[in-house]
Amino acid sequence: MVESVFMAELSWPEWEARIQAGAIIFLPLGATEQHGPHLPLNVDVILPTGVAERVARQVGGLVAPTLNYGYKSMPRSGGGQSFPGTASLDAATFSHTIRDVIRDMGLHGARRFVILNGHFENAWPSVEGLDLALRDLRAEGIRDVTAMRLEYWDFVTPATLDRIFPDGFPGTELEHASLIETSLMLLLRPDLVAVEKIPQEGRAQFPPYDIHPPPPGYLRASGVLADARGASAQIGQWLMDDHVRLISAAVREGFQLGG
Ligand code: ZN
Ligand code: MN
């Protein structure tokens, strides 16, 4: 019996046995997106996968292959589509990919899912994919599939944010490639972080609206929206501890698991 928490490393009989024993499927949602000059394009893949792996170990889950592409990057939350290396999906493509994989796993017996998002812009298109999957399954007579859908960064205590941001938290949107993501990468994959290339600039300022296409000068040239200076693996550990503890508790509550 393979003990891996990653479902792609199991054989099909092992997968079936784990599902019949009640395993929850975690589906991390990522992106291939610029993250400034100091971080790789796969930050939004590594971070939700790392969180899902740790939570799945806590609650007896399986981590499905992460979606490595996400919905389009936006100027005020991700830097935007114009940066070389950012490769995104249309909303319909993205939501239909989620629909297809949840439907197929549901047809094969999976009944509980956690969609764990790691890329800001995936939020609503992932709701659409989940809704379509559940509709497909109902059409097949399968009505007992339930799913949680969450953004991992929401699972942090005010005390941790106060410790990390003594001058005030800039907000999740501006955290793109900034202190939080850089610190979590220093925890999980320090080999991929070029600390010496962290931009020496503060928070971006945006009006509370968008213009399409973005006018000249609207995008942050570096692709970093707040300030990553001071990032550390220690900060990453504080965040990861909160994410794993609070998401595990939410999964136990949401699916009424014991323990
Ligand atoms: Zn990111
Ligand atoms: Mn992103």
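Given the structure is predicted, the values throughout are model-derived calculations rather than measurements. Numbers given for residues are sequential positions, taken from 1 along each chain in its written order. Note on labels: chains are lettered from A, ligands numbered from 1, in written order. For this predicted model, a pLDDT threshold of at least 70 governs which residues receive local features, and a threshold of 80 or more governs which side-chain atom pairs are given and counted, while totals over whole chains, interfaces and linings are taken from all residues. Excluded from the side-chain calculations are hydrogens and water; all other atoms, namely the structure's heavy atoms, are used.

**Some remarks on the packing of aromatic side chains**
Only rings of Phe, Tyr and Trp enter the pairing, Trp through its six-membered ring, and a pair is recorded when the two centres are within 6.5 Å. The plane angle decides the type: under 30 degrees is stacked, over 60 is edge-to-face, the rest tilted. All told, the structure shown has four aromatic pairs when counted by the stated rule. Their ring planes at 20° and their centres at 6.4 Å tell us that F120 and W153 sit as a pair that is stacked. You can see F120 sitting in the loop between β3 (112–117) and α4 (123–139) and its partner W153 sitting in the loop between β4 (146–151) and α5 (158–164), a full 33 residues away along the chain. Only protein chains enter the accessibility calculation, which uses a 1.4 Å probe; a residue whose area is less than 20% of its type maximum is buried, one above 50% is exposed, and one in between is partly exposed. In this structure W153 comes out as buried when scored by relative accessible area, which is 16%. Here the aromatic rings of Y152 and W153 are separated by 5.2 Å at their centres, their planes lie at 70°, and the arrangement is edge-to-face. The class for Y152 is buried, based on a relative accessible area of 2%. Connected via pairs of aromatic rings, a cluster forms that spans F120, Y152 and W153. Directly above the ring of W238 sits R163, whose terminal nitrogen or CZ lies 4.0 Å from the centroid. For helices the rule is a DSSP run of H or I covering at least 4 residues; for strands it is a run of E covering at least 2, with both sets numbered from the N terminus onward. Criterion for a charge above a ring: Arg CZ or Lys NZ at most 6 Å from the ring centre, at most 35 degrees from the ring normal.

**What about the sheet that holds strand β1 (residues 24–29)?**
Across the sheet, four strands lie side by side as β2-β1-β3-β4; this open sheet has parallel pairing. Because the sheet does not close on itself, it has two edges, and the strands there are β2 (61–63) and β4. Each strand axis lies, on average, 20° off the axis of its neighbour in the sheet, ignoring direction. When DSSP locates at least two bridges between a pair of strands, those strands are taken to pair. Relative to β2, β1 runs parallel, the two being bridged by three bridges. Directly across from F26, in β2, lies its bridge partner V63. Relative to β1, helix α2 (residues 43–59) is tilted by about 165°, and along the sheet it contacts β1, β2 and β3. Geometry is summarised by axes, namely lines fitted to C-alpha atoms with helices restricted to the contacting stretch, and by angles between N-to-C directions that run from 0 to 180 degrees. We call two residues in contact when some of their heavy atoms are within 4.5 Å.

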